[in-house]
Amino acid sequence: MSERRQLWETLAAFLAQLEQKTAVLDKDVQLGTALEELKNEVRKLGKAQFKANAMVEGQSARWEQVIAEAQAAREQQAQLVEKMAEEQVAARERELLEAFLPALNGLESAIGSGRRYLEIRDRAASASNITPAQAILVSPADRAVLTGWLDGLRLVHERLLAILEAGGVTPIPTVGHPFDPYLHVAVGTTSEGEGPAGTVVAEERRGYRCPAGVLRYAEVIVYRP
């Protein structure tokens, strides 16, 4: 083989090796480019997923806030309805309790009149110049009938007071206590009495109060020196 041919073959082999290496390098370059593009795509997808997650979290937070506000409004409405119902029940109970007061007035008036009549008949019974007809009216039997009638009225009166007390209603203190414009109504004054000025010396009509307030003001006579 001539030297020239041998040189050409050597150059051809070198060129073939160079082309082969160049192809490998091209493949490596292409692979690197593909990897870089893949990284970019992954990075873009990560950003998009982050935005989507943030949006979902924001929407979830808004929905949770809306649900919490709706729950609070529902609880507030339930409390308002419950309060209105309690107020209506309290008003109804107050009306029922106030309906007992006229009956108490009638009983107390009847009991007071009966006691005064007993005092008058007892004084009449002790008189020495009574007629036989008057003696029948003031006889022990007649007194026993009247006493039994008064005892029955007192029993009914005590039962009504027990019903009022069960509803939290109590009489307003009057005689011997200082006048209180939040509990008493002065229907008169008198200079006959003891203690400091403004003391209640007599009760014209009993008053009552309950936990919700005054059912009826006590009508009183006030001491004014």
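Calculation rules
- Residues numbered from 1 in each chain as written.
- Predicted model: local features only at pLDDT ≥ 70, side-chain atom pairs only at ≥ 80, totals over all residues.
- Heavy atoms only, no water.
- Helix = DSSP H or I, 4+ residues; strand = E, 2+ residues; numbered from the N terminus.
- Buried < 20%, exposed > 50% of the residue type's maximum accessible area, 1.4 Å probe, protein only.
- Contact = heavy atoms within 4.5 Å.
- Areas by Shrake-Rupley, 256 points an atom, 1.4 Å probe, with all protein chains shown as cover.
- Core = buried A, V, L, I, M, F, W, Y, C linked by side-chain atoms within 4.5 Å.
- Patch = residues over 30% accessible without salt bridge, like charges linked within 9 Å, V, L, I, M, F, W, Y side chains within 5 Å.
- Salt bridge = Lys/Arg side-chain N within 4 Å of Asp/Glu carboxyl O.
- Pairing = 2+ DSSP bridges.
- Axes fitted to C-alpha atoms, helices over the stretch in contact; angles between N-to-C directions.
- Lys, Arg positive; Asp, Glu negative; His and termini not counted.
- Polar contact = N/O pair within 3.5 Å; in protein donor to acceptor, adjacent residues only side chain to side chain.
- Expected span 1.5 Å × (residues − 1).

Novice: Describe the overall build of the chain, naming the residues involved and giving the relevant values.
Specialist: The secondary structure content of the chain amounts to three helices and six strands. Mapped from its N terminus to its C terminus, the chain presents α and β elements in the order α-α-α-β-β-β-β-β-β. Residues counted as buried form 16% of the 225 residues belonging to the chain. In the chain, once contacts between residues fewer than 6 apart in sequence are set aside, the share between residues at least 24 apart is 68%. Summing over all exposed atoms, the chain offers an accessible surface of approximately 16900 Å²; the carbon and sulfur share of this is 59%.

Novice: Describe the nonpolar core, listing the residues and the values that go with them.
Specialist: With 15 residues, the main nonpolar core has Leu101, Leu104, Leu164, Val169, Tyr208 and Leu215 as its most contacted residues. Of all the elements, helix H1 (residues 3–125) adds the most residues to this core, at six residues. With sequence-adjacent residues up to four places away left out, valine 169 is seen in contact with Leu97, Leu164, Tyr208, Arg209, Cys210 and Leu215. If you look at the next biggest cluster of nonpolar residues, it comprises seven residues, including Ile172, Leu183, Ala218 and Val222.

Novice: So, a nonpolar patch on the surface: which residues are in play, and what are the values?
Specialist: On the surface, Trp63, Val66 and Ile67 cluster together into a nonpolar patch covering about 350 Å² of accessible area. Among the residues examined, tryptophan 63 registers a relative accessible area of 58% and is labelled exposed.

Novice: Could you give me a rundown of the sheet that holds strand S4 (residues 208–210), with the residues and numbers involved?
Specialist: Taken in spatial order, the three strands make up an open sheet running S1-S4-S5, and their pairing is antiparallel. Where the open sheet ends on each side, the last strands, each with one partner, are strand S1 (170–171) and strand S5 (213–216).

Novice: So what's going on with the sheet that holds strand S3 (residues 200–205)? Which residues, and what values?
Specialist: Spatial ordering of the open sheet is given by S2-S6-S3, a layout of three strands whose pairing is mixed. Each having just a single partner strand, strand S2 (184–190) and S3 make up the two edges of the open sheet. Averaged over all pairs of adjacent strands, the angle between strand axes in this sheet comes to 30°, irrespective of strand direction.

Novice: Break down the pairing of strand S6 (residues 218–223) for me, citing the residues and quoting the values.
Specialist: Of all six residues that make up S6, five are buried, and the element is covered over most of its length. As judged from the six bridges shared by S2 and S6, these two strands associate in the parallel manner. Opposite valine 185, over in S6, you have glutamate 219 as the bridge partner. Of the pairings in the sheet, the one linking S3 to S6 comprises four bridges and is antiparallel in character. From the neighbouring strand, valine 200 faces S6, where its bridge partner is valine 222.

Novice: Got a sec to walk through the side chain of arginine 216? Specific residues and values, please.
Specialist: Structurally, arginine 216 can be placed in strand S5. Buried charged residue arginine 216 carries no salt bridge. Nearest counter-charge: glutamate 108, at 5.4 Å. A distance of 3.0 Å separates polar atoms of two side chains, one belonging to arginine 216 and the other to asparagine 105. A distance of 2.6 Å separates the side chain of arginine 216 from the backbone oxygen of arginine 206, its partner in a polar contact.

Novice: Break down the pattern of salt bridges for me, citing the residues and quoting the values.
Specialist: By the definition in use, this model includes four salt bridges. A salt bridge links glutamate 203 to arginine 206, with the shortest nitrogen-to-oxygen separation between them at 3.5 Å. You can call arginine 206 partly exposed: its relative accessible area is 27%. Of the charged contacts, one joins arginine 205 and glutamate 219 as a salt bridge, the two residues approaching to 3.5 Å between their closest N and O atoms. Placement of arginine 205 in strand S3 and of glutamate 219 in strand S6 is noted, with a sequence separation of 14 residues between them.

Novice: Quick one: what's the story with helix H3 (residues 140–166), residue by residue and with numbers?
Specialist: Here H3 contains 27 residues, and its C-alpha end-to-end distance of 38 Å stays within 8% of the 39 Å for a straight helix at 1.5 Å per residue. Where H3 terminates, the next one or two residues include glycine 168, which has phi positive at roughly 85°.

Novice: Tell me about the side chain of histidine 184, and please be specific about residues and values.
Specialist: Tracing the backbone through its elements, the reader meets histidine 184 in strand S2. One polar contact links the side chain of histidine 184 to the main-chain carbonyl oxygen of proline 173, over a distance of 2.9 Å. Every residue in contact with histidine 184, bar those within four places of it in the chain, is listed here: Ile172, Pro173, Thr174, Pro178, Phe179, Val200, Tyr217, Ala218 and Val220.

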